[in-house]
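Close look at the chain arrangement
For reference, the chains in residue letters:
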Amino acid sequence: YLFIHERHRKVFFCSGFSKFRFSLLLLNLEEYYFEQHTANHIQNKGGQNERKIRGSLKICSKSVIFEPDAISQPIIKIPLRDCIKIGKHGENGSNRHFQLITMKIFILQVSICLSQVYFIKEHNIVAPYKIERVILRKYLYLHRASCLDKLGDQTAMITAILQSRLARTSFDKNRFQSVSEKLHMECKAEMVTPLVTNPGHVCITDTNLYFQPLNGYPKPVVQITLQDVRRIYKRRHGLMPLGLEVFCTEDDLCSDIYLKFYEPQDRDDLYFYIATYLEHHVAERTAESYTLQWQRGHLSNYQYLLHLNNLADRSCNDLSQYPVFPWIISDYCSAELDLSNPGTFRDLSRPVGALNKERLERLLARYQEMPEPKFMYGSHYSSPGYVLFYLVRIAPEYMLCLQNGRFDNADRMFNSIGETWKNCLDGATDFKELIPEFYGDDVSFLVNNLKLDLGKRQGGQMVDDVELPPWARSPEDFLQKSKDALESNYVSEHLHEWIDLIFGYKQKGSDAVGAHNVFHPLTYEGGVDLNSIEDPDEKVAMLTQILEFGQTPKQLFVTPHPRRITPKFKNFSQTYSHNLTVVSPGEESFEDLTEESKTLAWNNIAKLQLHDQYKIHKEAVTGIAVSCNGSSVFTTSQDSTLKMFSKESKMLQRSISFSNMALSSCLLLPGDATVISSSWDNNIYFYSIAFARRQDTLMGHDDAVSKICWHDNRLYSASWDSTVKVWSGVPAEMTCTRRQRFDMLAELEHDVSVNTISLNAASTLLVSGTKEGTVNIWDLTTATMLHQIPCHSGTVCDAAFSPDSRHVLSTGEDGCLNVIDVQTGMLISSMTSDEPQRCFIWDGNSVLSGSQSGELLVWDLLGGKISERIQGHTGAVTCIWMNEQCSSIITGGEDRQIMFWKLQY
């Protein structure tokens, strides 16, 4: 018998699981915990050995649970569906009892004693007390729902009961941290933890985010200060766009709160409020911005995979979408692990199911015979069962919750690293990948510290700690070597191939088929529209199947993922700390003194100071070229003149006019004897400094020439006639006695006018930017286009390769700075400013740009922010030049001035 006294009702919460044994994991999946009451369990009632056990009774949507205060007594769970009768029983004076009779193998009678309940000052209005007896009615409704034949009907009725309870309550404003807080919005939601959701009310103010559970469990209110928030992600939950996850740290695996809303609009509104707050505090991160940091060695492989998992809806709070990490090592037999041997590693270009050739042939034969929709693998690489397979030693309650109170068969448990890998290679239905814990620091999931009885294997041995490979001396050594492997050069060079499979372009479509990477259609985002399923039973069954089977991550990339840039960066595995380590002298990646001085200069680029300024033109300056010794500065302008300015005497020495049309750019040939200028009159002019005269004219275009480049006796010219042309016959030092014969070696045709061009350091690649916002990357050895990226809305103002030729940066009239991976053509970073950036210089990590307003802006590409604004010209900065040592900078502007800048550090 259980006697419950309504007058002793209280709010229940626990601060930890050491004192309170009750947990939401004791509930069934998709079950809710509503409230609790103090209760007594009477054993042998009326008998000589009658005994009263004090505890609490939890009312849940599908069961009642009695938790004794004494830990020596078991928790009793009574499924409401097993009750064959609930009704009044044994009236005695003013007390009223009702009886739950359950019948499976035995009959259990539970009597619950009720007294009157007083409701006082509802809505803080002084009024006569309301007297109700409600417990019996609650049980009857929940029992009726649990006894419905169809699962869909059960779910619908329980949902109605839950929504009714939520509608009758609201967030307790007395829980605000300050009386001055301003309320922005309040709505109903559920807090999500693994295998469990807890309904309640969400409230956001100008300073805090709150969640108040309906049942007060595990504590009355969860509060997060908005100032502490670092990241927020919209999530799919149950295949619906209803989730929101909030992180107060930058790199942690687990979030501070995961909320599931009942309406997408509520989720989006709350996201908007937090995102608006974060705009002024934290830079928004995209997959592409993390890609740039990873490529350049500022993120480890481990950190990058964590970020991609987060962006792809993977969460530690959702076991059906738990973060997925790759198997890296394939050698679990050797006594020593050789990370310099490629044979030590798994082939990252193939999914687990395609690693065994013989098994793959069998799977493909079945795939060919299968009717549509076809799939190659009958199970997924990540699912709740697989996650808990790995974590059973530290999360046994989760395994028991998922498997109806039982552990798996002892021989199917996570017994051995080597056995598990072998089964993933050979098993007919085992294609699972790993979880982040294999590359972390906590060895608990490998050790049976809780001394759990996980069963006995067929050989007679008890399941205890996980058996490690011979090369691991201890669990700590195993994790360290796994981390070393993840951060090794081999993995850094091939990790992009695995990313293509899991998060990228080989996840879906014909590329997935070609990569043997096709899973059941229901595992993919958009694979089923739950809203289109009208039958409630079918909808519940479909959702349950999908959640238990596992889900494919959200697709982040639709083009091949860029490779990591490995030569210049230290191997993370040597001193693994999830941070870039200092490169010591003598290592291969150590830069020479010149490179070191450049790095020092760029690290101090924000300390740029104006040294001199001169107004030498009548219109905007369009080009700057400087002699090798830095004494002479040549500039072109829209006033149609080429000027020669002496830096030493600070005097204008020459002014040359070739026509009455604007000049667009200029450059000096090696030897400092000849200046070449491009003009809007369709021509390119050659001027001899020694002879002070025009030496030659190249009439090679049908419209204005917008930009010229030169390398190794070849001239490259861009024009508004939609072409870029490559010319030979341009010697480094031209004589004045005869005109040159220019031969056109190649013509790179575009669809629209070309506004700018630039060469990479080796002059094997050329980037062009058009007036319609397209950036094109060309292979000059074959005169073919490698990539065409429409990444700006409006004219591309400037474009240039990084010093290592791995990336292209472009700026446009739309105010965007875009970074493009040269190998793949992927747009991997995009930043915006409130005005166009007309010109720039960069070192691959930082950018110094000239803006429309005349400011010089210092951009931290890896940090995704503008780190400094420097006052400069009174009009737009139109051109910029930096010397080879990166110590001196000259800018030209619409204010007709040239400005000389120095780095002060």
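An unreviewed UniProt entry lists the protein under the name Protein FAN, with Canis lupus dingo as the source organism.

**Topic: the pattern of salt bridges**
Tallied over the full model, the rule gives 24 salt bridges. In this structure, Arg-473 and Asp-477 form a salt bridge, with 3.5 Å as the shortest nitrogen-oxygen distance. Since its relative accessible area comes to 10%, Asp-477 is described here as buried.

**Focus: the pairing of strand 43 (residues 877-882)**
Within strand 43, 5 of the 6 residues are buried, which leaves the element mostly enclosed by the surrounding structure. Here 5 bridges tie strand 43 to strand 44 (residues 888-893), and the two strands are oriented antiparallel to one another. Note on strand 44: the bridge partner recorded for Ile-880 is Thr-891. Connecting the antiparallel pair strand 43 and strand 44 is a turn made up of 5 residues, with Cys-886 showing a positive phi of about 65 degrees.

**Here's the deal with the confidence of the model for the protein**
On average, residues of the protein score 86 in pLDDT, and 87% of them reach the 70 mark or higher. Under a pLDDT of 50 for its full length, residues 1-19 has, in the predicted model, 66 contacts with residues more than four places off or in other chains. Scored below 50 in pLDDT, residues 101-134 shows 74 contacts in the model against residues more than four places distant or in partner chains.

**Concerning the side chain of Gln-212**
Within the secondary structure, Gln-212 is located in strand 13 (residues 208-213). Here Asp-172 takes part through its backbone nitrogen, which lies 2.8 Å from a polar atom of the side chain of Gln-212.

**Structural notes on the nonpolar core**
By size, the foremost hydrophobic cluster in this structure holds 109 residues, and its most contacted members are Phe-438 and Phe-503. Among the elements that take part in this core, helix 11 (residues 489-502) stands out by supplying 7 residues, more than any other. Here Phe-438 is in contact with Tyr-390, Phe-414, Ile-417, Phe-445, Phe-478, Leu-479 and Ser-482, once residues within four sequence places are set aside. The next biggest cluster of nonpolar side chains, apart from the first, holds 22 residues, and it includes Leu-209, Phe-211, Ile-257 and Leu-278.

**Regarding the sheet that holds strand 18 (residues 608-615)**
Note: strands within a sheet are paired through backbone hydrogen bonds, in either parallel or antiparallel orientation. The strand order across the open sheet built from 4 strands is 18-45-44-43, with neighbouring strands paired in antiparallel fashion. Looking at strand neighbours, the two that pair on one side only are strand 18 and strand 43, the edges of this open sheet. In this sheet, adjacent strand axes meet at a mean angle of 20 degrees when their direction is disregarded.

**Overview of the sheet that holds strand 37 (residues 816-821)**
Spatially, the 4 strands line up as an open sheet ordered 35-36-37-38, and their pairing is antiparallel. In this open sheet, the two strands that pair with only one neighbour each are strand 35 (796-801) and strand 38 (827-832). Each neighbouring strand pair of the sheet contributes to a mean axis angle of 15 degrees, computed without reference to strand direction. Taken strand by strand, helix 4 (residues 287-295) contacts strand 36 (807-812), strand 37 and strand 38, and its axis lies near 115 degrees from that of strand 38.

**Considering the environment of Asn-531**
Tracing the backbone through its elements, the reader meets Asn-531 in the loop between helix 12 (509-514) and helix 13 (536-549). Asn-531 gets classed as exposed once you look at its relative accessible area, which sits at 57%. Placed 291 residues apart in sequence, Asn-531 and Met-240 show a C-alpha to C-alpha distance of 9.2 Å. Filtering out sequence-adjacent residues up to four positions away, Asn-531 remains in contact with Met-240 and Lys-539.

**Here we look at helix 6 (residues 357-369)**
Between the first and last C-alpha of helix 6 there are 19 Å, a value that for 13 residues agrees with the 18 Å anticipated at 1.5 Å per step. Turning to helix 6, its buried residues number three or more, namely Arg-359, Leu-360, Leu-363 and Tyr-367. Considered in projection along helix 6, the buried side chains sweep an arc of 95 degrees and stay on one side of the axis. Exposed positions of helix 6 whose direction lies more than 90 degrees from the buried face are Lys-357, Glu-358, Arg-362, Gln-368 and Glu-369. In this fold, the buried residues of helix 6 make contact with helix 9 (417-426) and helix 12.

**Examining the packing of aromatic side chains**
Taken as a whole and judged by the stated rule, the model has 35 aromatic pairs. In this structure an aromatic cluster arises from ring pairing among Trp-327, Tyr-332, Phe-389, Tyr-390, Phe-414, Trp-421, Phe-438, Phe-445, Trp-471 and Phe-478. It is Lys-234 that lies over the ring of Tyr-271; its NZ or CZ is 4.7 Å from the centre. Over the ring of Phe-389 we find Lys-432, and its NZ or CZ is 4.5 Å from the ring centre.

Rules used throughout
- Residues numbered from 1 in each chain as written.
- Predicted model: local features only at pLDDT ≥ 70, side-chain atom pairs only at ≥ 80, totals over all residues.
- Heavy atoms only, no water.
- Salt bridge = Lys/Arg side-chain N within 4 Å of Asp/Glu carboxyl O.
- Buried < 20%, exposed > 50% of the residue type's maximum accessible area, 1.4 Å probe, protein only.
- Helix = DSSP H or I, 4+ residues; strand = E, 2+ residues; numbered from the N terminus.
- Pairing = 2+ DSSP bridges.
- pLDDT = per-residue confidence, 0-100.
- Contact = heavy atoms within 4.5 Å.
- Polar contact = N/O pair within 3.5 Å; in protein donor to acceptor, adjacent residues only side chain to side chain.
- Core = buried A, V, L, I, M, F, W, Y, C linked by side-chain atoms within 4.5 Å.
- Axes fitted to C-alpha atoms, helices over the stretch in contact; angles between N-to-C directions.
- Expected span 1.5 Å × (residues − 1).
- Arc of directions from axis to C-beta.
- Phe/Tyr/Trp six-rings, centres within 6.5 Å; stacked < 30°, edge-to-face > 60°.
- Lys NZ or Arg CZ within 6 Å of the ring centre and 35° of its normal.

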